Amino acid sequence: MKVKGMLVGVVAVAMAASVSACGGGGGSDSKSKTFTFANIEPEHLIPGNTNDAYGLNVETALFDTLMALDASGKPVPQDAASVESPDQKVWTIKIKPGLTFHNGEPVTAQSFADAWNATADATNGWGNNYYLSTIEGYDDLNPESGKPKTHTLKGLKVVDPQTLQVTLKQPFSQLPYVLAFIGTAPMPKAAFTDLKAYEQKPIGNGPFMMDGSWEHNRQIKTKKYDGYKGPRPAKSAGVVFKTYASRDAAYTDLRAGNVDFDTQIPAAKVPEAKRFLGDRFLSVPSGTMDFLEFPLYDPAFKNPDLRKAISMAIDRQAIVNAVYNGTFKPTGSLLAPIVPGYRATACGEACTYNPQAAKQLFDKAGGFKGTMHLMFSNADPTYEQWMTDVANQLKQNLGISNITFDKVQASDYIGRLIDHKGTGPYRSNWTMDYPSPEDYLTPRCSKPSRSGYDGTACEALIMKANAAKTPQEAQQYYQQAEDLVLKDMPLTPLWNWQDQAGHSSHIGGVHADPYVTTLVHLDQVTVK
Amino acid sequence: MVPVLIGTTLLIYLAVFALPGDPIRALGGDKPMPPAVYASLRHHYHLDQPLIVQYGHYLWGLVHGDFGETLNGQSVGDVMKTDWAVTARLGVTAWIFELVVGIALGVWAGRRKGGVVDTLVLSGTTLVIAVPTFVLAYCAQLIFGLKLGWFPTAGTDDGWPYSYLLPGIVLGSASLAYIARLTRTSLVENFRADYVRTAVAKGLTRRRVLVRHTLRNSLIPVVTYLGVDLGHLMAGAIVIEGIFNLPGIGGQIFTAIQIKDGPTVVGIATLLVLVYLFANLVVDLLYGVLDPRIRYE
């Protein structure tokens, strides 16, 4: 029949056209000893350019760094044989012999130098550029204006294939921590012949190697690297990073038994997950924290008593219970609990909920005139939820009747804050790069300051800590710096995140470790 | 068609790039971005040049088949290719489903107007239209995917068609409701026509009358809807793609708009314009086939 025939014809053509490029199935193989890890699409897979957790997850499998963090968060040698310095300024790094990349190239001092030079070079515009700013010669690769005239760091010297000498601009005792950060992983020479192609199939020096290319928005398959001679060989045949559009989608698959690991169970699903997973549910403290930061360039917020009053009027526990199902932990420190030097009582009274004292202090500071704007980005619906609770608490406890929300497009948010266009107290967040107080305190005290805070005094204390001869001395100075910032309160700590994770019953060897991005050591996981 | 295409892409390009906001700054997130890195990235994406020069770069790339670079360095063309393959499969699955089942239900209901089937179809379709798509999606995923295990819950692992069946059915269900009702109403109307009375009086079976005469006429509004709906489906269903974890262009363009990834937004929007134009063309051509009174010289 003509109409039907025409319709069928159109349908057939459309089908053929769309199915012709069918990549087809590719489900996980249950016979081999590989396991799956739920991930979201990474932005990058080159260590020097990766600062999103999803890319870091994959790189933790593919790359080994000079140092690693032990169960208590202390740096211990991994690919390095030793990392030493007499004065915290000139460091001698000795690399273990016999280590290779996945393509057979040896891991040498040059491999690290090449990677760090590329990362520090502004021409490449890589995301972890900032972490090499302590090395001498960094400023030549990042000039205020114009293009860099050189592309290698003066402070990096390859003494011999197994020895790298690093000269810093100033003493920096925390360098071993930075060397444990995946962003400082080495890169083989093969990478630099074609960086774009390299990113689609990175060649690293870790226990897992790429099995095929990066399948965007679908998965990243890795297999065990048989030639691995490092300290953490894989106990499975490989790990497949399955890419999900959202955390909800990943959790649905965990429930359906289609994925072995999910390290980002949404807070709303946690009660159900606990019931369903039983002892396969893990709650791991995270280094991520939320703050409420104040725009000190706005005269309305100049008075530190006002800021303290606002801090004391916020019932952190109630918000965490309501918005995050009680999965986050209110905190009174600028550091996460997993950072050495953390003190739960650092902030003390100023971060403890006390509506009466808050009102007294508020009145003493002269109150607040006009409309208060609370600013946050639209990246996640929970931000508006907890800001609503904060607004209600401020109304109730301090009597601020006019509060409005400035919900900013996520892509504009940071830019506006950097340009000092904050309209009122705003949401601020920090994710840990390495478990040192320096990682948390430097952004608060350095110039230019996002909040407009004059951190000269606390920056001086941080410098003293960086130059300290012993970890205890360093810790003392870092704590003094933290105390100073908390006293001035350009921002107030709200809560510390907890990662909610779960795994299937097909895998063993699961030990939660908050110091590794994947929350468990992938190399130790076994497949039943 | 070509002027429409060029005009639309220019408008979309201007809209995306002339908006305030700085996607480069957002790339670093909360981590510090040194001014030299910022300047270097801006230069790489030509953002430090006037808008007309940027558009010139973009057009020059288009001529070479290069749709530009996403904010994390991938080729927009590659991204669109892989994502649209998924959306196209989902769209076609939904379309076939709503075409076959929708018309069948509509015919069944229309033949026995006022009967049990008719009432069931009418009330069923009302329900489907009333319930939001995401509710249907979550329920379907929970019941048919998780609890009963008839379909995969999410992802594209089982390939075409298995991974796309459940999302396709959910996606097509709202349109199916419209098609069933359209077909039914159109059919009922045509049954009252004089030529039907003549045909029955001549002695033709009801079936022949239906299939050979009335159905063809009744399908004109339905085909219009189907054609437009195909374009609409191919444009990607963000919610369905998100819930069923299908990496299509719906989610891609949503993210790209959020992070202000200009080349991706323009590339995908241009593709969508093409799809809609093509769908309209197909509908126009089909009119001529269905109704002899409408013919193109």
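Conventions adopted
- Residues numbered from 1 in each chain as written.
- Chains lettered and ligands numbered in written order.
- Predicted model: local features only at pLDDT ≥ 70, side-chain atom pairs only at ≥ 80, totals over all residues.
- Heavy atoms only, no water.
- Buried < 20%, exposed > 50% of the residue type's maximum accessible area, 1.4 Å probe, protein only.
- Helix = DSSP H or I, 4+ residues; strand = E, 2+ residues; numbered from the N terminus.
- Contact = heavy atoms within 4.5 Å.
- Buried area = accessible area lost by both parts, 1.4 Å probe.
- Salt bridge = Lys/Arg side-chain N within 4 Å of Asp/Glu carboxyl O.
- Polar contact = N/O pair within 3.5 Å; in protein donor to acceptor, adjacent residues only side chain to side chain.
- Nonpolar A, V, L, I, M, F, W, Y, C, P; charged D, E, K, R; others polar.
- 1 Å grid on protein atoms, 1.4 Å probe; cavity = no way out; pocket = protein on both sides within 12 Å on 5 of 7 lines; lining within 4 Å.
- Points joined across faces, edges and corners; volume = space filled by probe spheres on them.
- Axes fitted to C-alpha atoms, helices over the stretch in contact; angles between N-to-C directions.
- Parallel < 35°, antiparallel > 145°, perpendicular 65-115°, else oblique.
- Left-handed = near helix turned anticlockwise from the far one by under 90°.
- Disulfide = S-S within 2.5 Å.
- pLDDT = per-residue confidence, 0-100.
- Pairing = 2+ DSSP bridges.
- Patch = residues over 30% accessible without salt bridge, like charges linked within 9 Å, V, L, I, M, F, W, Y side chains within 5 Å.
- Areas by Shrake-Rupley, 256 points an atom, 1.4 Å probe, with all protein chains shown as cover.

Comments concerning helix H13 (residues 410-418) of chain A
Of the residues making up H13(A), those classed as buried are Ser411(A), Asp412(A), Tyr413(A), Ile414(A), Gly415(A) and Leu417(A). Those residues of H13(A) hidden inside the fold are in contact with strand S14 (372-377), strand S15 (403-408) and strand S16 (426-430) of chain A together with helix H2 (23-27) and helix H12 (249-258) of chain B.

Things to note about the interface of chain A and chain B
Facing the 65 residues of chain A at the interface are 52 residues of chain B. Carbon and sulfur atoms make up 59% of the area that chain A and chain B hide from each other, which totals about 4,800 Å². Asp419(A) is the salt-bridge partner of Arg25(B), the closest N and O atoms lying 2.7 Å from each other. Our enumeration of links across chain A and chain B arrives at 16 residue pairs in polar contact (both at pLDDT 80 or more). Listed by contribution, the elements that provide at least two residues to the side of chain A that touches chain B are helix H1 (2-19), strand S10 (238-244), helix H7 (247-256), H13 and S16 of chain A. When residues in the side of chain A that touches chain B are grouped by element, the largest group, 10 residues, is from H1(A). In terms of residue class, the side of chain A that touches chain B is built from 27 nonpolar, 25 polar and 13 charged.

Some points on empty space enclosed by the protein
Under the defined criterion, the tally for this structure stands at 4 cavities of 30 Å³ or more. Computed from the structure, the largest cavity encloses a volume of approximately 120 Å³. Surrounding the largest cavity, 13 residues form its lining, Arg218(A), Thr243(A), Gly155(B), Asp157(B) and Asn245(B) being those nearest its centre. Residues that form the lining of the largest cavity fall into these classes: 3 nonpolar, 6 polar and 4 charged.

Points about the packing of helix H1 (residues 2-18) of chain B against helix H4 (residues 51-63) of chain B
All names here are of chain B. Running from amino to carboxyl end, H1 crosses H4 at an angle of 130 degrees, the nearest separation of the two axes being 11 Å. Judged by the angle between their axes, H1 and H4 are oblique. In this structure, H1 crosses over H4, and the sense of that crossing is right-handed. Residue-level contacts link Ile6, Thr9, Leu10, Tyr13, Leu14, Phe17 and Ala18 of H1 to Leu51, Gln54, Tyr55 and Tyr58 of H4. Per-class residue counts for the contact of H1 with H4 are 9 nonpolar, 2 polar and no charged.

Digging into the state of the cysteines
All names here are of chain A. For the structure shown, the criterion picks out 2 disulfides over all chains. Two residues share a disulfide in this structure: Cys347 and Cys351, whose sulfurs sit 1.9 Å from each other. Looking down the S-S bond of the Cys347 and Cys351 bridge, the torsion is 80 degrees, so its handedness is right-handed. Exposure class is identical for Cys347 and Cys351. Each is buried. What pairs with Cys445 in a disulfide is Cys458, and their sulfur atoms sit 1.7 Å apart.

Regarding the confidence of the model for chain B
Looking at chain B, pLDDT values average 85 and 98% of them are 70 or higher. Across the assembled chains, the prediction reports ipTM 0.82 with pTM 0.87.

Observations concerning the sheet that holds strand S6 (residues 156-160) of chain A
Residue and element names in this part refer to chain A. Read across the sheet, 4 strands follow the order S4-S5-S7-S6 without closing on themselves; strand pairing throughout is antiparallel. Pairing within the sheet leaves two strands with one partner each, and these edge strands are strand S4 (80-84) and S6. Taken pair by pair, the neighbouring strands of this sheet meet at an average axis angle of 20 degrees, ignoring direction. Judged from the 5 bridges that link them, strand S5 (residues 90-95) and strand S7 (residues 163-167) form a sheet pairing that is antiparallel. Note that in S7 the partner of Trp91 across the bridge is Val166. Of the strands in this sheet, S5, S6 and S7 touch helix H3 (residues 109-120), which is tilted by about 170 degrees from S6.

Thoughts on a nonpolar patch on the surface
Residue and element names in this part refer to chain B. Taken together, the side chains of Phe134, Val135, Tyr138, Ile238, Val239 and Phe254 make up a nonpolar region of the molecular surface, amounting to roughly 530 Å² of accessible area. Residue assignment for the nonpolar patch shows that the elements contributing at least two residues are helix H7 (133-147) and helix H11 (238-243). The element best represented in the nonpolar patch is H7, accounting for 3 residues. Position of Ile238 relative to the elements: it lies in helix H11. Since its relative accessible area comes to 40%, Ile238 is described here as partly exposed.

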